[in-house]
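Descriptive structure summary
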Amino acid sequence: MAEAADSQGMTPSPARRWLRRTAALLVGAPLFAGLLSATAAPAAHAAEDAVGGQSVQVSLDSVAPKAPVKSDTLTISGTVTNKGKQAVTSAHVGLRVGSKLPGRSGIDETAARTAYAPGTDAAEVADGPTAKFPRLEAGVSQDFTLSVPVSKLGLGEDGVYPLGVSLSGQTPTQQYDQVLGIQRTFLPWQPDAVEGKKSQLTFLWPLISSSHLTAQTGSDAQQTPVFADDSLARDIGPGGRLEQMVSLGKQLPVTWVIDPDLLATVDAMTRNYKIKAGDNLVTGTSQDVAKAWLSSLEAAVQGEKVVALPFADPDLASLAHHGRDVPGSLGHLQSATEVAQKTIDTILHVTPSVDYSWPVDGAVDPSIVDVATSAGAHNVIARSDSLRDSALAYAPTATRPIGGGANAIVADARLSTAFQGDMSMADTSTLAVQKFLAQTLSITLQDTEKQRSIVVAPQRMPTVSQAQTMAAALHALDPQRWTQPLDLSAAATAKPDPLAATKVPGAGAYPDALRQQELPLDAFQDMKNTQGTLDRFKVILTAPDRVVTPFGNAINREMSTSWRGDSGGGQNYRAGVQLYLDGLADQVHLIQKSTATMSGRSATIAVTVQNKLVQGVDHLVLRLQPKSPTRLQLGDDGNAIGEQPVKVDGDRSQSVKFTAIANANGPVPVTARLYTEDGTPYGEPMEFTVQVSEITPTVMLVIAGGVLLLVLAGIRMYTHRKRSMAREESEDNDDPGQSNGSADADPGQPSDPTPDTGPESGAAPGPGEKVDH
C-alpha cells in the first residue's frame, strides 16, 4: 500500500516515512556488509599471499661486471618465483637505479628493506630492458636476463648506487599493474682510479680446522697416529673445504693465517695412520691426498705473508675468563706459541710471524688482551664492533696502540661479517659480493686525502661456498680502482690515526652470546689433571718424548677455539685423553700377591713389577711397609720400611727382593707401593700378608740337645787331652826314653766323635731363602 501511494504521488505520514527508512536500513545492512567484505577480500588475500611484503620472490643470480665502467654492458640474471596463491598476469621484470647513497649507513638501510617502497625505490629505467611473462602460475619459477649499456643507467658522480630488480604485474583480485616483488643490490660506480689515496686492504685467509687427531699412537717406532674419523681427508681432497681454501687463496692477494695443528695433522696423514671405527682401528689410505694438499699449500705461500696462530688455535677469551683461575693454564698457551713457528717452518719451509693473536670474532676486553699478549704476541686482532669509533665519520686505519707495547689491529666489522651465512645459493652469494664492493668503495670515498689501512678478518672456518664468494669479491677488486692490497705486517706498522679509539672496552661489554660458548672452568681443571698425570708418568720413562709430545699436543687441542658451540664434543675429547693416559700409566704396576710365608725368623720376600710399555722405565722406587713394624722388619739393618730401586725394560717384569726378619709369629699385613724418586706415589698400592710360621717346642729341644752334646763333647775332649799330657810328663820323669805303662789309658773308650746334627738342625733359614710369592 505504501509503495502504491508513493507511486501515485501521495505524501506519506512522518510515522510511515520513519518506518520506511528503518526497513531500508535493515534490508540494506547485510548488503552493505557484503560489499565491505568483498572490498576487503582482495587486500586480505594479497596480504595472505605476500611473503616478506611481496608475493613474488626475485632472486639475482649474477651481476656482471660487478663493478662496471662506462663502456661496459651490465647483465643481470636471476629468477622470479610466484610465492602467492594466485596467478600473476601481464608481468615483466625491470631495472630500477636510485640516487647515489650517502654513505655506509645508506647501504645498510637499503639492504634492510624487503618490500617495495613507493617514493623510496626509484622508477624503472626509461627505455630499459625488461623480461615479460604473460602468466606466472602460483608456485612457478621463471628465469630472466636483463642487459643494458651502463651509459643508459644515468649514473653520475663516483659512489654507490642502489640497483633494484622488480617484477610488476596483475592478480585476479588486483587487476592493475603493481610491484609484486623486488630485490635490491648495489652498483659500485668508480669508472676510473680514485683521485686521491686508495684504501689499503688487508684480507686474512684462515686455514683452521677442528681437532682430528686423538692422543693415541701406535706402539711401533713411528708411533702411528690415530685419527678420530676420516673427515679431514674429505676436507683436503678435491672440492673439499680446505682444498678450496688453498686453490682459491693462491690466486689472491691475502695474508695466510694458519693453525700449525692443521699442518701437523695433515703431515701425519702422509705416512701410515689409523682411523677409529667404533672399538676398532682401520688403516687410513689418504696419504697421496695429504701430500698433494701440503705440496699445493707450500707452493701457494712462497713469498707471501704467513701468520702462525698458537698450536691448535687456543680460545683466548676462555683462557682469560676461566683458565687463569686454574694454575698452569697459561703455560699451555706459552708452549702452543713456541711450537707454532717450528711446525710451519718445518712443513712449509717458510718462516711465519708469531706476533699476532686472534680472539674469537675480534671481541676483546682487558683480560683477553692480557692473555693474548702473555705468550709474546704484540698485536691483537680485534674488530670494530668491539673497539668502537663512534665519534669518527670515517673508518680509521686499523692499527691502534692500546698500551703496554701492544697494538690492536682492528678489522672492519661490516666487511669481516659480509660472507657469513649460507652462500651456497647464487643469489645470496651475489648480494654479498655486491655489498662488500659497495662498502669498500664507500670507505675510500669517505676521505680520499688520507691513506687508510683496512683489515678484513672473516670467519675462522669458511665453508666452500663462503670461500668461493670471498674469492669472487677479491677478484672484483683486481683492477685496484679504489683499493690496493696490503699484507698484515705492513698494516700493523702503519701510522695510527690519532683520533681513533684506543681504549679497550671493559669486561661488561663482552658479548653474552660469545661468553655462553666459552670453555667452562671444569675444562681447564681437566687439563690440569691430565698435565699432572703426564708429569708423574714422564719421569719414569726412558724415552719420555714418545709420550710428552703427543699428549702435550692433545692438551693444547683441548683448549681449541673449535670446541665453541660443541661443549659435549670438547668434554668427550678431554675425557678420552685422560682415559688413554691413565691406561698407559697403569701399564707399569705391581703384580698382585696375597700371602708370603716365612718358615723361619729370616727370609727373602719378592715383589714383582710389571712393565707392559714398549719402552723401559726407570727412576722408580718400590717401598714395602709392614703395618706392624715391631713384628716384621725389612732389611739387614732392621728398618721398619724397605726400599729398592726399580728399573724394568720394555715389555718385561722384574722381581724385587727384600730381606725380612720376623720378631713374632703370625700374619703381618704389608703394603707395597711404587714411588718416583722424589717421593711421589705412582700407581695404586698393593697389600698382601706375610705369614710367619711358629717355632715349635720339639724344634727348640732338638736345638738345645744339639748344643748340649757339643758342650759335653768339648769337655770330654779337653779332659782326655789333659790326662794324656800329665801321663806323658810322668813317664818322662821316671824313665826317660822308656815308655810308661798305659794304666791310665782307656783304649776301650776312645774320644767320642762330633755328633752330626745336620739333619735335625734347628738353625734359622739363611737370608737368601726365597719364600712363597
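All values derive from a computational prediction rather than experimental measurement.

1. Quick look at the pattern of salt bridges
- Enumeration according to the criterion identifies 18 salt bridges in this entry.
- Between Arg 400 and Asp 389 there is a salt bridge, with its nearest N and O atoms 2.5 Å apart. With Arg 400 in strand β17 (residues 399-403) and Asp 389 in the loop between β16 (379-383) and β17, this residue pair connects regions lying 11 residues apart in the sequence. Taken as a pair, Arg 400 and Asp 389 share a single burial class, namely buried.
- A salt bridge links Arg 574 to Asp 526; the shortest N-O distance between them is 3.2 Å. You can see Arg 574 sitting in helix α18 (residues 567-585) and its partner Asp 526 sitting in helix α16 (residues 521-538), a full 48 residues away along the chain.
- The exposure class assigned to Asp 526 is partly exposed, which follows from its relative accessible area of 29%.

2. Points about α16
- The end-to-end C-alpha distance of α16 is 26 Å, a good match for the 26 Å that 18 residues give at a rise of 1.5 Å each.
- Looking at α16, one finds that the buried residues are Ala 523, Phe 524, Met 527, Thr 530, Gly 532, Thr 533, Leu 534 and Phe 537.
- Those residues of α16 that are buried lie in contact with α8 (316-321), α9 (329-348), α17 (545-558), α18 and β29 (681-692).

3. Considerations on the environment of Ala 299
- Mapped onto the elements of the fold, Ala 299 is located in helix α7 (residues 287-301).
- Linking Ala 299 and Lys 250, residues 49 residues apart in sequence, is a C-alpha distance of 8.3 Å.

4. Concerning unusual backbone geometry
- Geometrically, the link from Ala 64 to Pro 65 is a cis peptide bond, its omega value of -10° lying close to zero.
- Mapped onto the elements of the fold, Pro 65 is located in the loop between β1 (56-64) and β2 (73-82).

5. A short note on the side chain of Gln 466
- Here Gln 466 lies in helix α13 (residues 464-476).
- Accessibility expressed as a relative area gives 8% for Gln 466, which makes it buried.
- Within polar-contact distance, the side chain of Gln 466 engages the backbone oxygen of Gly 421 at 2.8 Å.
- Ignoring anything within four residues of it in the chain, the contact list for Gln 466 reads Phe 419, Gln 420, Gly 421, Met 423, Gln 459 and Met 461.

6. What about the sheet that holds strand β4 (residues 130-136)?
- Reading across from one edge, β4-β3-β6-β7 is the order of the 4 strands in this open sheet, with antiparallel pairing throughout. Whereas interior strands pair on both sides, the edge strands pair on one side only; in this sheet they are β4 and β7 (174-189). Direction aside, neighbouring strands of the sheet carry axes that sit 15° apart on average.
- Helix α3 (residues 104-112) rests against β6 (159-171) and β7 of the sheet, and its axis sits at about 145° to β7.
- Strands β6 and β7 of the sheet are contacted by helix α12 (residues 426-446), whose axis makes an angle of about 55° with β7.

7. Side note on the sheet that holds β16
- Spatially, β15-β16-β18-β17 is the arrangement adopted by the 4 strands of the open sheet, whose pairing is mixed. One side of each edge strand has no neighbouring strand; the edge strands of this open sheet are β15 (356-357) and β17.
- Pairing geometry for β16 and strand β18 (residues 406-411), over 5 bridges, is parallel. Opposite Arg 383, over in β18, you have Ala 411 as the bridge partner.

8. Examining the nonpolar core
- Residues Phe 537, Leu 622, Leu 624, Leu 674, Phe 688 and Val 690 are the most contacted members of the largest nonpolar core, which totals 74 residues.
- When sequence neighbours within four positions are dropped, the list of residues in contact with Leu 624 reads Ile 605, Val 607, Leu 634, Ala 640, Ile 641, Gly 642, Phe 658, Val 670, Thr 671, Ala 672 and Phe 688.
- With 63 residues, the next largest nonpolar core counts Trp 256, Leu 262, Ala 268 and Ala 395 among its residues.

9. Structural notes on the confidence of the model for the protein chain
- Across the protein chain, pLDDT averages 86, with 83% of residues at or above 70.
- Note on residues 698-704: pLDDT under 50 across the span, and 4 contacts to partners over four residues away in sequence or across chains.
- Within the model, the stretch residues 733-773 combines pLDDT values under 50 with 46 contacts to residues more than four positions away or in other chains.

10. So, the pairing of strand β19 (residues 453-456)
- The side-chain alternation of β19 yields two buried faces, one formed by Ser 453 and Val 455 and the other by Ile 454 and Val 456.
- Sheet topology places strand β8 (residues 199-207) next to β19; 4 bridges connect them, and they run parallel. Bridge assignment links Leu 201 to a residue of β19, and that residue is Ile 454.

Calculation criteria
- Each chain has its residues counted from 1, following the order in which its sequence is written.
- Confidence filtering applies because this is a predicted model: local features only for residues at pLDDT of at least 70, side-chain atom pairs given and counted only at 80 or more, and all residues used for totals across whole chains, interfaces and linings.
- Note that water and hydrogens are dropped before the side-chain values are worked out from all heavy atoms of the structure.
- Each salt bridge in this description consists of a side-chain nitrogen of Lys or Arg and a carboxyl oxygen of Asp or Glu lying within 4 Å of one another.
- Numbering of helices and strands runs from the N terminus, with a helix taken as a DSSP run of H or I at least four residues long and a strand as a DSSP run of E at least two residues long.
- Note on classification: 1.4 Å probe, protein chains only; a residue is buried when its accessible area is under 20% of the maximum for its type, exposed when over 50%, partly exposed between these limits.
- Helix span is expected to be 1.5 Å times the residue number reduced by one.
- In this description, contact between two residues means that some pair of their heavy atoms is separated by no more than 4.5 Å.
- Pairs of N or O atoms within 3.5 Å make up the polar contacts considered here, provided that, within protein, one atom can donate a hydrogen while the other can accept it, and that residues adjacent in sequence are counted only when both atoms are side-chain atoms.
- Pairing between strands requires that DSSP locate at least two bridges from one strand to the other.
- Axis geometry follows a simple rule: fit a line to the C-alpha atoms, using only the stretch in contact for helices, then measure angles between N-to-C directions, giving values from 0 to 180 degrees.
- Buried Ala, Val, Leu, Ile, Met, Phe, Trp, Tyr and Cys residues that are joined via side-chain atoms within 4.5 Å together make up what is termed a nonpolar core.
- Per-residue confidence from the predictor is given as pLDDT, running between 0 and 100.

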